[in-house]
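Below are the chains, spelled out letter by letter.
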Amino acid sequence: NAGVTQTPKFQVLKTGQSMTLQCAQDMNHEYMSWYRQDPGMGLRLIHYSVGAGITDQGEVPNGYNVSRSTTEDFPLRLLSAAPSQTSVYFCASSYATPSGANVLTFGAGSRLTVL
Amino acid sequence: GQQVMQIPQYQHVQEGEDFTTYCNSSTTLSNIQWYKQRPGGHPVFLIQLVKSGEVKKQKRLTFQFGEAKKNSSLHITATQTTDVGTYFCAGPPAAGNKLTFGGGTRVLVKP
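Residues numbered from 1 in each chain as written. Chains lettered and ligands numbered in written order. Predicted model: local features only at pLDDT ≥ 70, side-chain atom pairs only at ≥ 80, totals over all residues. Heavy atoms only, no water.

Some thoughts on the interface of chain A and chain B
By a widely used convention, the size of an interface equals the accessible area lost when the partners come together. Quick reminder of the rule: Throughout, a contact is declared for two residues whenever any of their heavy atoms are within 4.5 Å. The term buried area denotes the loss of accessible surface (1.4 Å probe radius) that occurs when two parts are joined, taken as the sum for both partners. A pair is scored as a salt bridge if a Lys or Arg side-chain nitrogen falls within 4 Å of a carboxyl oxygen belonging to Asp or Glu. We call two N or O atoms a polar contact when they sit within 3.5 Å, provided that within protein one can donate a hydrogen and the other can accept it, with sequence-adjacent residues counted only if both atoms are side-chain atoms.
Listed per partner, the contact involves 22 residues of chain A and 20 residues of chain B. In total, about 1,600 Å² of surface goes out of reach between chain A and chain B, with carbon and sulfur atoms giving 56% of it. If you sort the residues of chain A by the area they bury against chain B, Leu43(A), Val103(A) and Phe106(A) come out on top, with a joint share of 27%. Inspection of the region where chain A meets chain B yields zero salt bridges. Linking chain A with chain B are four residue pairs in polar contact (both at pLDDT 80 or more), by the criterion used here.

Here it is as C-alpha cells:
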C-alpha cells in the first residue's frame, strides 16, 4: 500500500515549457486534489476532483489543467510554465464522506523550478 | 471566497513551555482539521473536530473547535524539540468540498 505517489520529486523547466506532474493513489479514494505551497502562503488549492470524470477549480487554477480519467490518477498539467509557478506541489486524496470530512493523505511533494 | 487565517505565523518557544496557535475562518465550517508538516516534509493529518465546542487531546496537544464552528485552537504543553514544524488548520465550508488551509504556524523550539 503505497498511499499517494507523486512524480517527479524535482523538476527544472524553462519559461514556456509544458510538463505534467503525476499523482497516483492506491487507496480507492474518490477525492483528489492539488495544492501549491509557497513560503509564507500556506497551501493553496489549485484543482480538485470528487470522482472520475469530475474536476473543479480551486483558489489558483490559472495556468494549470487537470483530468481524472481513472479513480487512481490525477495528473496536473502546466501548459506554459512561468517563473511564478516555481513552487512545491502536493497531491492529496481522501474518502468523500457525508460530513464532507475529506481528511487528506498527502504525497511527498514535487519541487518545481521555472527559470 | 472562504478565508482561513492562523496566528501567529511564527512561534518561538523555549523547550518545556506551553503555547497556543489560533485558527479563524471567514465562514462556518463543517469540520476543522489540523495537520503537521515537519521541515522538508509533507503535511500529515493530526486530528479532526466536527462538533461545536468539541475538545480533543492527543498526549500534550489539545485541540478545540469553537461554538460557532468558525474558529479553532491548538495548545501544546511542555513543548519538545519533536514539536518543531508547521501546524496547519483546514476546513471545508458547511456546504462544499473545497478544503481551505490556513497559512500555518511555524514552530521553532529553543533547547
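From this point, the discussion proceeds with the structure in view.
What to know about the sheet that holds strand β8 (residues 71–76) of chain B
All names here are of chain B. Threshold: We treat two strands as partners when DSSP finds at least two bridges between them. Numbering goes from the N terminus for both helices and strands, where a helix is a DSSP run of H or I of at least four residues and a strand is a run of E of at least two. Where helices are involved, their axes are fitted lines through C-alpha atoms of the stretch in contact, as for all axes, and angles between N-to-C directions lie from 0 to 180°.
An order of β1-β3-β8-β7-β6 is seen for the five strands of this open sheet, with the pairing classed as antiparallel. Strands with a single pairing partner mark the edges of an open sheet, and in this sheet they are β1 (4–7) and β6 (55–58). Averaged over neighbouring strand pairs, the angle between their axes works out to 15° when direction is ignored. Relative to strand β7 (residues 61–65), β6 runs antiparallel, the two sharing four bridges. When the sheet's bridge partners are listed, Lys-57 is paired in β7 with Thr-62.

Considering the state of the cysteines
Linking two cysteines covalently through their sulfur atoms gives a disulfide. Residue and element names in this part refer to chain A. Defined as follows: Any two cysteine sulfur atoms within 2.5 Å of one another count as a disulfide. Exposure is judged per residue with a 1.4 Å probe applied to protein chains only, and the accessible area is read against the type maximum: over 50% gives exposed, under 20% gives buried, and values in between give partly exposed.
Enumeration over the complete set of coordinates arrives at two disulfides over all chains. Residue Cys-23 pairs covalently with Cys-91 via a disulfide, S to S 1.9 Å. Across the disulfide from Cys-23 to Cys-91, rotation about the S-S bond amounts to roughly -70°, and the bridge is consequently left-handed. With a gap of 68 residues between them, Cys-23 in strand β3 (residues 19–25) and Cys-91 in strand β9 (residues 87–94) connect regions that are remote in the sequence. Note on Cys-23: relative accessible area 1%, which makes it buried. Overall, the relative accessible area of 0% leaves Cys-91 in the buried class.

Details of the layout of surface pockets
What counts is decided by this rule: Whether a set of points on the 1 Å grid over the protein atoms alone is a cavity depends on a 1.4 Å probe fitting there but being unable to get out, while an open set qualifies as a pocket with protein on both sides within 12 Å along at least five of seven lines; lining residues are those with an atom within 4 Å of a point. Grid points are joined across faces, edges and corners, and a volume is the space filled by probe spheres set on the points. Think of it as three bins: nonpolar holds Ala, Val, Leu, Ile, Met, Phe, Trp, Tyr, Cys and Pro, charged holds Asp, Glu, Lys and Arg, and polar takes everything else, Gly as well.
Of the pockets and cavities examined, the largest pocket occupies roughly 770 Å³. Around the largest pocket sit 35 residues that line it, and Gln37(A), Val88(A), Arg111(A), Gln37(B) and Gly40(B) are the ones nearest its centre. Those elements that place two or more of their residues in the lining of the largest pocket are β4 (31–38), β9 and β11 (110–114) of chain A together with β9 (85–91) and β11 (105–110) of chain B. Each residue belonging to the lining of the largest pocket can be placed in one class, and the counts come to 13 nonpolar, 17 polar and five charged. As a volume, the second largest pocket reaches approximately 330 Å³. Taken together, 17 residues line the second largest pocket, and the ones lying closest to its centre are Met41(A), Val4(B), Met5(B), Gly102(B) and Gly103(B). Of all the secondary structure elements, the ones that give two or more residues to the lining of the second largest pocket are β5 (42–51) of chain A together with β1 and β10 (100–101) of chain B. The residue makeup of the lining of the second largest pocket, split by class, is five nonpolar, 10 polar and two charged.

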